[in-house]
Each structure stands twice: as C-alpha cells, then as structure tokens.
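The chain contents come next:
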Amino acid sequence: MCKGLAALPHTCLERAKEIKTKLGTLLQKPDSAIDLIIPYPEKPEKPPKAQKPSPEEALQWRDSLEKLLQNPYGLASFHSFLRSEFSEENAEFWVACEDYKKTKSPMKMAEKAKKIYEEFIQTEAPKEVNIDHFTKAVTMENLVEPSPNSFDMAQKRIFALMEKDSLPRFVRSEFYQELIK
C-alpha cells in the first residue's frame, strides 16, 4: 500500500471502498439495449383497475394520508407519484407492513418478517427506508420473536415521513390536481 493511503484514518479507507463498490455497480454495462431505456415516465401513470374517486373524495386525501392509503386508487396514485420521484420504497414498506399484520401463521409471519427486513430495514437493503438507528434497533429486537406488531415503530416513522414530506408534494402534483377537478 502506498504511504499516502496508509496515513488516512481507517474510516476514510472503509468509506472509499464503499464508494468504489457503488461506483463499480453503476459503471457495469447493461445486459441489453432495453436496460438503457429509462423505465420511469415523466408523468405518473394512471393506476389500473381501481375505481377513480370523486373529486370530493380525492380532496379528503390532502388532509389525511390514512384515507389516501386506504383507497386502492389513492394508494396506486400515490405509489405512481413516488415512483416518478424515485422514492417509492416508503409506500412499498408501508404496504408490506400492512400485509404482514394480516398474517396468521407464525411460520409465514417469520418468512415475511425476514423478507421485509432484508428488503427495507437492513443497512444497504435494496429499498432501504430512512429510519433512525434507535428505530432500526428496536425493530431488529422485535424480530427475534416476530409478532404482528414487530414493524409498528418503523411503520409509524415512515408514515410520519410520508405525511410530512411526500403527501404535500403529491397534493401539489399535476396528477392530483387533475383528480380534484
């Protein structure tokens, strides 16, 4: 190793290795030309199948994230909006937690808990949600013996984040504005 790198603190070297790994992933050549096409439309796609709400019903969403998430069309619209902003992991985590709570079988619950943890909670997870260290630690502790409430604290933190940050942007979006006309 050169003398210049040896003089750097260990944490700097570790961080440099992490950055190198991430850049290496970004610089890999795509497997096919289709990978070069940007998969995200500029305008969110209209959600299929769910019945379009009345403008009055859609107006209620601006004051209640809970009502928005409980409505299939609202959830799909919100998810499409978040996807257009490259931040859909919060809505996906919330939906996964809701599904998890409905699980009855302890074996299935343990499987789903592991999947949710690996997909959203663990450090460097593919769709890692932004929760504080304490919440992450409590969630990990809860997963020693999975219960329907294992993800409650993390889910509440993500709900609050979406309510404070994502919902106001969604309400200002062109797609939502078209819904309330």
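It should be emphasised that the depicted structure is a prediction, and the values quoted were computed from it without experimental measurement. (Residues numbered from 1 in each chain as written. Predicted model: local features only at pLDDT ≥ 70, side-chain atom pairs only at ≥ 80, totals over all residues. Heavy atoms only, no water.)

1. Looking at the overall build of the chain
Which entries qualify depends on this criterion: Segments assigned H or I by DSSP are reported as helices when at least four residues long, segments assigned E as strands when at least two residues long, and all are numbered from the N terminus. Note on exposure labels: buried denotes an accessible area under 20% of the residue type's maximum, exposed denotes more than 50%, and partly exposed covers the range between, all computed with a 1.4 Å probe on protein chains only. Note on definitions: a residue-residue contact is assigned when non-hydrogen atoms from the two residues lie within 4.5 Å. Under the convention used here, a 1.4 Å probe and the Shrake-Rupley method define accessible areas, while residue burial counts only the protein chains that appear.
Along the chain, the regular secondary structure elements total 10 helices and 0 strands. If you list the helices and strands of the chain from N to C, you get α-α-α-α-α-α-α-α-α-α. Looking at the chain as a whole, 32% of its 181 residues qualify as buried. Put simply, 61% of the contacts in the chain that link residues at least 6 apart link residues at least 24 apart. On the chain, roughly 12,300 Å² of surface is accessible, and the fraction owed to carbon and sulfur atoms is 57%.

2. Describing the packing of aromatic side chains
Stated precisely, the cut-off is as follows: Here is the rule: rings of Phe, Tyr and Trp (six-membered ring for Trp) pair when centre to centre is within 6.5 Å. Planes less than 30 degrees apart are stacked, more than 60 are edge-to-face, and the remainder are tilted.
Scanning the model with the defined rule gives 6 aromatic pairs in all. For the ring pair Tyr100 and Phe151, a centre distance of 5.1 Å and an interplane angle of 85 degrees mean the geometry is edge-to-face. Residue Tyr100 is found in helix α6 (residues 89–101), and its partner Phe151 is found in the loop between α8 (133–142) and α9 (152–172); the two are separated by 51 residues along the sequence. Overall, Phe151 belongs to the buried group, its relative accessible area being 2%. An aromatic cluster of at least three residues, connected via ring pairs, comprises Phe78, Phe81, Phe170 and Tyr176.

3. Looking at α6
The cut-off we apply is this: Expected helix span is taken as 1.5 Å per residue step, with the number of steps being one fewer than the number of residues.
Counted at 1.5 Å a residue, the expected span for α6 with its 13 residues is 18 Å, and the 18 Å between its end C-alpha atoms agrees. Here α6 has its buried residues at Asn90, Ala91, Glu92, Phe93, Trp94, Ala96, Cys97 and Tyr100. On its buried face, α6 sits against α4 (65–70), α5 (72–84), α7 (106–121) and α9.

4. Remarks on the nonpolar core
Applied cut-off: What we call a nonpolar core is a set of buried Ala, Val, Leu, Ile, Met, Phe, Trp, Tyr and Cys residues that are connected through their side-chain atoms within 4.5 Å.
By size, the foremost hydrophobic cluster in this structure holds 34 residues, and its most contacted members are Phe93 and Phe151. Among the secondary structure elements, those contributing two or more residues to this core are α3 (55–61), α4, α5, α6, α7, α9 and α10 (174–179). Among the elements that line this core, the one with the most residues is α9, at 7 residues.

5. Considerations on α5
In plain terms, the rule: A 3.5 Å cut-off defines polar contacts: any pair of N or O atoms within that distance qualifies, except that in protein one atom must be a possible hydrogen donor and the other a possible acceptor, and neighbouring residues in sequence count only when both atoms are side-chain atoms.
Given a rise of 1.5 Å per residue, 13 residues ought to cover 18 Å, and the 18 Å separating the end C-alpha atoms of α5 matches this to within 8%. Where α5 is buried, its residues contact α3, α4, α6, α9 and α10. N-cap assignment for α5: the residue whose side-chain oxygen lies 2.8 Å from the backbone N of Tyr73 is Asn71. Of the residues flanking the end of α5, it is Phe86, one or two places downstream, whose phi is positive at about 60 degrees.

6. A short note on unusual backbone geometry
At Phe86, a residue that is not glycine, the phi angle is positive and equals roughly 60 degrees. The residue Phe86 is located in the loop between α5 and α6 in this model. Positive phi is not limited to glycine here, since Glu124 has a value of about 65 degrees. One can find Glu124 in the loop between α7 and α8. On the accessibility criterion, Glu124 (53% relative accessible area) is exposed.

7. Thoughts on the pattern of salt bridges
Using the following cut-off: We count a salt bridge whenever a side-chain nitrogen from Lys or Arg sits within 4 Å of a carboxyl oxygen from Asp or Glu.
A complete count under the given rule lists 10 salt bridges for this structure. Residue Lys112 pairs with Asp99 through a salt bridge whose shortest N-O separation is 3.0 Å. Of this pair, Lys112 sits in helix α7 while Asp99 sits in helix α6, and the two are 13 residues apart along the sequence. In this structure, Arg169 engages Asp165 in a salt bridge whose closest nitrogen and oxygen atoms are separated by 2.8 Å. Pair noted here: Arg169 and Asp165 are both in helix α9, with a separation of 4 residues, about one helical turn. For Arg169, a relative accessible area of 23% translates into the label partly exposed.

Read these as geometric descriptors, not functional statements.
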